Amino acid sequence: MSASQEAPRDVTGAWLHSFEEDTETEAVYRPSGHAFRPARRPRRGLEFRPDGTFVERRAGPDDRRVGVEGHWERRGADRVAVSFPAGGRPPFEITVLSRTADRLTIAR
């Protein structure tokens with residue numbers, strides 16, 4: 001089965017960036033309930049809800065995560081398009097490299 005014929009990887013869920021595990025080509029995310037070691041910098045969050053809602057969480061002025069809501073949709077087996085109809089962020093695409101119950105890996 002070619003990559004274009006594979007079943008889409010399930011990305012639904014709330015994920016936090018596990019930057020300690022990143023490589024030059026991959027960014028690693030863990031479920032939001034993961035037991036991370038303490039870190040000096042806030043972790044970026046991505047949430048893919050089953051209804052197509054997307055929430056991007058980044059550090060706010062006081063380092064607490066602030067969410068910006070948008071929309072996500074499939075673009076093949078390994079691509080996800082994200083848009084923010086209300087503005088606030090430019091649209092972007094994510095290439096999903098792998099997904100297990102406790103790890104989401106995307107291309108950097």
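Residues take numbers from 1 onward in each chain, read along the sequence in its written order. Totals for whole chains, interfaces and linings use all residues, but because this is a predicted model, local features are given only for residues with pLDDT of at least 70 and pairs of side-chain atoms are given and counted only at 80 or more. Here the side-chain values reflect all heavy atoms present in the structure, with hydrogen atoms and water set aside.

Enquirer: Talk me through the overall build of the protein chain; I want residue IDs and the actual numbers.
Expert: When helices and strands are counted, the protein chain shows zero helices and eight strands. Beginning at the N terminus, the succession of helices and strands in the protein chain can be written as β-β-β-β-β-β-β-β. Note that the radius of gyration is over C-alpha atoms, with the globule rule given as 2.2 Å times the number of residues to the power 0.38. For the protein chain, the C-alpha radius of gyration of 14 Å lies close to 13 Å, the compact-globule estimate for 108 residues. Oriented by its inertia axes, the alpha-carbon framework of the protein chain measures out at about 45 × 35 × 25 Å. The cut-offs for exposure are 20% and 50% of the maximum accessible area for each residue type, with area from a 1.4 Å probe on protein chains only; residues under the lower value are buried, those over the upper are exposed, and the others partly exposed. Put simply, the protein chain has 108 residues, and 33% of those count as buried. A sequence separation of at least 24 residues applies to 41% of the contacts in the protein chain between residues at least 6 apart. In these tables, accessible area is a Shrake-Rupley quantity obtained with a 1.4 Å probe, and a residue counts as shielded only by the protein chains included in the view. Working note: accessible area of the protein chain is about 6600 Å², and carbon and sulfur atoms make up 49% of it. Here the protein chain holds 19 positive side-chain charges and 17 negative ones, and the gap between their average locations is 4 Å. The way it works is that DSSP assigns letters per residue, a run of H or I at least four long becomes a helix, a run of E at least two long becomes a strand, and they are numbered from the N terminus. Two residues qualify as a contact provided that any one of their heavy atoms is within 4.5 Å of a heavy atom in the partner residue. Neither His nor the chain ends is counted toward charge; the positive residues are Lys and Arg and the negative residues Asp and Glu. By convention, the charge on Lys lies at NZ, on Arg at CZ, on Asp at CG and on Glu at CD.

Enquirer: Any chance you could break down the side chain of T95 for me, citing the residues and the numbers?
Expert: Mapping T95 onto the fold places it in strand β7 (residues 92–100). The contacts of T95, once residues within four sequence positions are left out, are D78, R79, T105, I106 and A107.

Enquirer: How would you explain the sheet that holds β7 if you had to name every residue and give the values?
Expert: Note on sheets: strands pair through backbone hydrogen bonds, and any given pair is parallel or antiparallel. A pair of strands is labelled paired if DSSP reports no fewer than 2 bridges between them. Strand order in this closed barrel of eight strands is β1-β2-β8-β7-β6-β5-β4-β3, and the pairing throughout is antiparallel. Across the sheet, the mean angle separating the axes of adjacent strands is 35 degrees when strand polarity is ignored. Whenever a helix is involved, its axis is fitted only over the stretch in contact; in every case the axis is a line through C-alpha atoms, and angles between N-to-C directions fall within 0 to 180 degrees.

Enquirer: Lay out the pattern of salt bridges with the relevant residues and their values.
Expert: Here, a salt bridge means any side-chain nitrogen of Lys or Arg that lies within 4 Å of a carboxyl oxygen of Asp or Glu. The final tally for this structure, using the stated rule, is 15 salt bridges. Here D22 and R108 are joined by a salt bridge, their closest N and O atoms 4.0 Å apart. Of this pair, D22 sits in the loop between β1 (13–17) and β2 (26–31) while R108 sits in the segment after β8 (103–107), and the two are 86 residues apart along the sequence. For D22, a relative accessible area of 17% translates into the label buried. Exposure remark for R108: the relative accessible area of 61% places this residue in the exposed category. Its salt-bridge partner being E47, residue R57 comes within 3.0 Å of it at the nearest N-O pair. Placement of the pair is R57 in strand β4 (residues 53–59) and E47 in strand β3 (residues 45–48), with a sequence separation of 10 residues. One continuous salt-bridge network, built from bridges that share partners, spans E21, R30, D102 and R103.

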